[in-house]
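Each chain, letter by letter, is given below.
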2 protein chains.
Amino acid sequence: MSHPGVPDDPLVIPASGGAYPVVVRRGALADLPALLRRHAPAPLYAVVSDATVGPLHGAAVAESIREQGTEAFLTTFPAGERHKTRDTWARTTDALLEGGLGRDGVVVAVGGGVTTDLAGFVAATFMRGVGVVQVPTSLVAMIDAAVGGKTGVDHPRGKNLVGAFHAPRLVVCDAEVVRTLPREERAQGLVEAVKHGAIRDADHLDEVADEAPRLLEGEPAALERVVRRSVRIKAEVVARDEREAGLREVLNFGHTLGHALEAAWGYGVGHGTAVGVGMVLEARLGERLGVTAPGASETLARVVKDLDLPVEVGEASPPAPEVEALLRFLRADKKGREGLPRCVLLARVGEVASAGDGRWSHPVPEEVVAAVLSESAEEGSNA
Amino acid sequence: MSHPGVPDDPLVIPASGGAYPVVVRRGALADLPALLRRHAPAPLYAVVSDATVGPLHGAAVAESIREQGTEAFLTTFPAGERHKTRDTWARTTDALLEGGLGRDGVVVAVGGGVTTDLAGFVAATFMRGVGVVQVPTSLVAMIDAAVGGKTGVDHPRGKNLVGAFHAPRLVVCDAEVVRTLPREERAQGLVEAVKHGAIRDADHLDEVADEAPRLLEGEPAALERVVRRSVRIKAEVVARDEREAGLREVLNFGHTLGHALEAAWGYGVGHGTAVGVGMVLEARLGERLGVTAPGASETLARVVKDLDLPVEVGEASPPAPEVEALLRFLRADKKGREGLPRCVLLARVGEVASAGDGRWSHPVPEEVVAAVLSESAEEGSNA
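The model shown is predicted, which means the values in this text are computed figures rather than measured ones.

Things to note about the pairing of strand β4 (residues 71–77) of chain A
Residues and elements named next belong to chain A. With seven bridges joining them, strand β3 (residues 44–50) and β4 adopt parallel strand pairing. Across the sheet, residue Tyr45 finds its bridge partner in β4, namely Ala72. The parallel pair β3 and β4 is bridged by helix α2 (residues 53–67), and the resulting crossover is right-handed.

Laid out in structure tokens, this is it:
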């Protein structure tokens, strides 16, 4: 069905500023100039990458656009989450103005989640908004960060506290790009696919479990299948709630406890590691509260183990944090303004339990959370 | 038809994030807590003002909200366009986080155009967007800045280069507030009403001319009538083109030459003064190009004179800038990427001439612009 150079792709995500396609295809990066011409035409493109990905992919993207006769320049910023700041946002904006980008220009983000978030926010606020094309080069960015229009930077008081919703014009996921990443990074990214399966599609969860060895090895065909299916699940959710007023909350499954763990560990573990443990614990929480069908936490734990990731707080490499410290982070979480922490709870694997009133996160008693956390801290350290 | 405390108001502006009301009524400021409760309910309000308006109105607004039993705090920034920067945006964001504003909080901007633009941008980017209520306290902010959702800050390379579209939840214009402003400031604001009349409503232009003495004196009933009618015109335009993809361009009438004059004068004149001259010159430009019906520029000049503002480049108080300098600013203007400057041209007073292809600004030959500019520089200095 596809024709050379500009293949069709069935994934189209509706958004208030216009629907946008998500192209998931091995080798798509080579077709980027043609895809840009079709879906995000501009007289000038600003390619934004971090200093690591810039030389690997960013420069090649800019060069390939220029070879097709359109102006493009590359601007880079220092790599790492600690550079996802307002300062980097300001410098990148300056570089775009310096490079002559106008209101008809388009930003092309080439990199991991930090880059797609940062460059998306630069585009959202450049001359009141220019187009952004997301070209994720990490698995977690493909599966999670690049789709859905969330953009932003961190603040000393918390992650992503400054940002905007700004849907991309186009997302291009080339699974060839991630085959060369370290195995551990692919595992981190696959946790978000596990989450998508857990909340909406039990078959997807099984697929990740079955294919785990090939996915971890970086087999592009397997990665492409998982990315496409996972993006489709996220797209369905985002399409129904672009601005996170309701359903989109389900994407936070595993993240309430995951974020607290990440913070308590001083960001010394990967986001995927923290969310993997977070999902297992939030499933146990749901089981204990009678909301989640028994066995869900065991199923999730099995898949997370298949990815060679820890499932207990005590199993991860930094020492288990004090439960009291975790509770403090939970209380500071911006989702829990009523006093009680809120978690998305499963009804069963593949389905989230409604919290009523159009909400999808449940207030959970702090003592039950504390019990689940301390048992998991014990469990791991005894093992 | 209205009931005490929370009066109805017919002005409702559609926007992608939801329609919002514009309340234009003397004394409306006293009803602000009730209006907020109805149109922008929140557990906590952050009132943003500059250091001049803060003590005059901002503190009273925060106090009146608290008196009604809802939490509110005031944060201020140094007054003046030169503080409309990313730095002030960052500090204001910090103050909101410090004050405990969450995703369910609402920003209340109380001030002139700098404040409504800046606070709007803070709200647009705070936790990916919180609600903003615009309470303009200058006439130009009432007539122009507070309605339409444009927000942003300046950059060393140009005004409003960093920003976002973020429609307010509510706009409250209380003409009592502007009666105490200096006469000259009211004249500056009325220029935007003249513009609204020029592009869409010849009767509104006549109204401003007829009422000029009372408007300049600060007669609240007259000001209220003009603000309401003028906001309605802007609302009609914005409703049809929220993101400035087409029709909204007509609001730039007088602003291509106006901005160049403002920049060439080193911002030593008011924005209204520059736009007043800009409208007269762009009308002459249209007449000379055979696009604008003869006589339009004279009609506009008469109304601008009624506001005690200059109509010729040579008449304004800084010396007339070199025509070559003006052309340089025009070439740097972000609206003129094709090489030729573009101006919105009238068909006649009250109606804009389409430029075809859904565009409303016409490319104009530089030599005709140069001729109109140099004649006006002469005219004034001979007068």
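Having seen it, we continue.
Quick notes on the relation of the copies chain B and chain A
Rotating chain B by 180° and moving it 0.1 Å along the rotation axis overlays it on chain A with an RMSD of 0.0 Å. Here the transformation between the copies is reduced to the relation of a two-fold axis. Across chain B, the rotation axis passes nearest the C-alpha of B:Ser16, at a separation of 3.8 Å. Most of the interface of chain B is mirrored in chain A: 100% of its interface residues are interface residues there too.

Some words on the packing of aromatic side chains
Within this structure, the stated rule accounts for three aromatic pairs over all chains. An aromatic cluster of three or more residues is present, and its members are A:Trp89, A:Phe121, B:Trp89 and B:Phe121. The positively charged end of A:Arg86 is found above the aromatic ring belonging to B:Trp89, 6.0 Å away from the centroid.

Examining the sheet that holds strand β4 (residues 71–77) of chain B
Residue and element names in this part refer to chain B. Sheet architecture is open: seven strands sit in the order β1-β2-β9-β6-β5-β3-β4, paired in mixed fashion. Either end of the sheet is taken by a strand with one partner, and the two such strands are β1 (12–13) and β4. Looking at chain direction, β1 and strand β2 (residues 20–24) are connected through two bridges and run antiparallel. Bridged to Val12 within β2 is Pro21. Helix-sheet contacts for helix α1 (residues 32–39) involve β2, β3 (44–50), β5 (106–111), β6 (131–136) and β9 (170–173), and the interaxial angle to β9 is about 160°.

Points about the sheet that holds strand β9 (residues 170–173) of chain A
Residue and element names in this part refer to chain A. One open sheet accounts for seven strands, arranged β1-β2-β9-β6-β5-β3-β4; its pairing is mixed. Each edge of the sheet is formed by a strand with only one pairing partner; in this case those strands are β1 (12–13) and β4. Bridge analysis of strand β6 (residues 131–136) against β9 gives two bridges, and the strand direction is parallel. When the bridges of β9 are listed, Gln134 appears paired with Val171. Relative to the sheet, helix α1 (residues 32–39) contacts β2 (20–24), β3, β5 (106–111), β6 and β9, its axis offset from that of β9 by approximately 160°.

Concerning helix α4 (residues 113–125) of chain A
All names here are of chain A. The terminal C-alpha atoms of α4 lie 18 Å apart, and with 13 residues this matches the ideal 18 Å at 1.5 Å per residue to within 8%. For α4, the buried fraction is high: 12 of the 13 residues fall into the buried class. Met127, located one to two residues past α4, shows a positive phi value of around 50°.

Concerning the interface of chain B and chain A
Across the boundary between the two partners, chain B contributes 32 residues, which contact 33 residues of chain A. A buried area of about 3000 Å², summed over both sides, lies between chain B and chain A, and 52% of it is on carbon and sulfur atoms. Our count for the contact surface shared by chain B and chain A stands at four salt bridges. A salt bridge links A:Arg86 to B:Asp94; the shortest N-O distance between them is 2.9 Å. Scanning the region where chain B abuts chain A turns up 16 residue pairs in polar contact (both at pLDDT 80 or more). Of all elements in the fold, only α3 (86–98), α4 (113–125), β7 (150–155) and β8 (158–165) of chain B reach the threshold of two or more residues within the side of chain B that touches chain A. If one sorts the elements of the side of chain B that touches chain A by residue count, α3(B) sits on top with seven residues. The residue makeup of the side of chain B that touches chain A, split by class, is 12 nonpolar, nine polar and 11 charged.

What about helix α2 (residues 53–67) of chain B?
All names here are of chain B. Compared with the 21 Å implied by 1.5 Å per residue over 15 residues, the 20 Å span of α2 between its first and last C-alpha is a close match. Along α2, the residues that are buried comprise Val53, Gly54, His57, Gly58, Val61, Ala62, Ser64 and Ile65. Looking at the buried positions of α2, the neighbouring elements they touch are α1, β3, β4, β5 and α6 (175–178). Note on α2: the residue one or two positions beyond its end, Gly69, has a positive phi of about 95°.

A word on the packing of helix α7 (residues 183–200) of chain B against helix α9 (residues 220–240) of chain B
Residues and elements named next belong to chain B. Their axes nearest at 10 Å, the elements α7 and α9 cross at an angle of 50°. When the interaxial angle is binned, α7 and α9 end up oblique. As for how α7 packs across α9, the hand of that crossing is left-handed. Residues Arg186, Leu190, Glu192, Ala193, His196, Gly197 and Arg200 of α7 touch α9, and the partners they reach there are Leu223, Val226, Ser230, Ile233, Lys234, Glu236, Val237 and Arg240. Across the contact of α7 with α9, the residue classes break down as six nonpolar, three polar and six charged.

So, the environment of A:Pro14
Residue and element names in this part refer to chain A. Assignment of secondary structure puts Pro14 in the loop between β1 and β2. Among the residues examined, Pro14 registers a relative accessible area of 44% and is labelled partly exposed. As for Pro14 and Glu242, which are separated by 228 residues in sequence, their C-alpha atoms are 8.8 Å apart. The residues contacting Pro14, other than those within four sequence positions of it, are Ala19 and Ala239.

Section: the side chain of A:Ser138
All names here are of chain A. Inspection of the secondary structure assignment puts Ser138 in the loop between β6 and α5 (139–145). For Ser138, a relative accessible area of 11% puts it in the buried group. If we skip the residues at most four places from it in the chain, Ser138 touches Gly111, Gly112, Gly113, Val178 and Leu181.

Some remarks on empty space enclosed by the protein
Picture a little ball the size of a water molecule; that probe, rolled over the atoms, points out where space is still empty. Residues and elements named next belong to chain B. As enumerated under the stated definition, the model contains three cavities of 30 Å³ or more in all. Considering only enclosed or pocket space, the largest cavity measures out at about 50 Å³ in volume. Taken together, Pro33, Leu36, Arg37, Tyr45, Ile65, Gln68 and Thr70 make up the lining of the largest cavity. Per element, the largest residue contribution to the lining of the largest cavity is three residues, and it comes from α1. For the lining of the largest cavity, a count of residues per class yields four nonpolar, two polar and one charged.

Thresholds, definitions, all that
- Residues numbered from 1 in each chain as written.
- Chains lettered and ligands numbered in written order.
- Predicted model: local features only at pLDDT ≥ 70, side-chain atom pairs only at ≥ 80, totals over all residues.
- Heavy atoms only, no water.
- Pairing = 2+ DSSP bridges.
- Helix = DSSP H or I, 4+ residues; strand = E, 2+ residues; numbered from the N terminus.
- Right-handed = clockwise from strand over helix to strand, strands pointing away.
- Least-squares fit on C-alpha atoms with pLDDT ≥ 70 in both.
- Contact = heavy atoms within 4.5 Å.
- Phe/Tyr/Trp six-rings, centres within 6.5 Å; stacked < 30°, edge-to-face > 60°.
- Lys NZ or Arg CZ within 6 Å of the ring centre and 35° of its normal.
- Axes fitted to C-alpha atoms, helices over the stretch in contact; angles between N-to-C directions.
- Expected span 1.5 Å × (residues − 1).
- Buried < 20%, exposed > 50% of the residue type's maximum accessible area, 1.4 Å probe, protein only.
- Buried area = accessible area lost by both parts, 1.4 Å probe.
- Salt bridge = Lys/Arg side-chain N within 4 Å of Asp/Glu carboxyl O.
- Polar contact = N/O pair within 3.5 Å; in protein donor to acceptor, adjacent residues only side chain to side chain.
- Nonpolar A, V, L, I, M, F, W, Y, C, P; charged D, E, K, R; others polar.
- Parallel < 35°, antiparallel > 145°, perpendicular 65-115°, else oblique.
- Left-handed = near helix turned anticlockwise from the far one by under 90°.
- 1 Å grid on protein atoms, 1.4 Å probe; cavity = no way out; pocket = protein on both sides within 12 Å on 5 of 7 lines; lining within 4 Å.
- Points joined across faces, edges and corners; volume = space filled by probe spheres on them.

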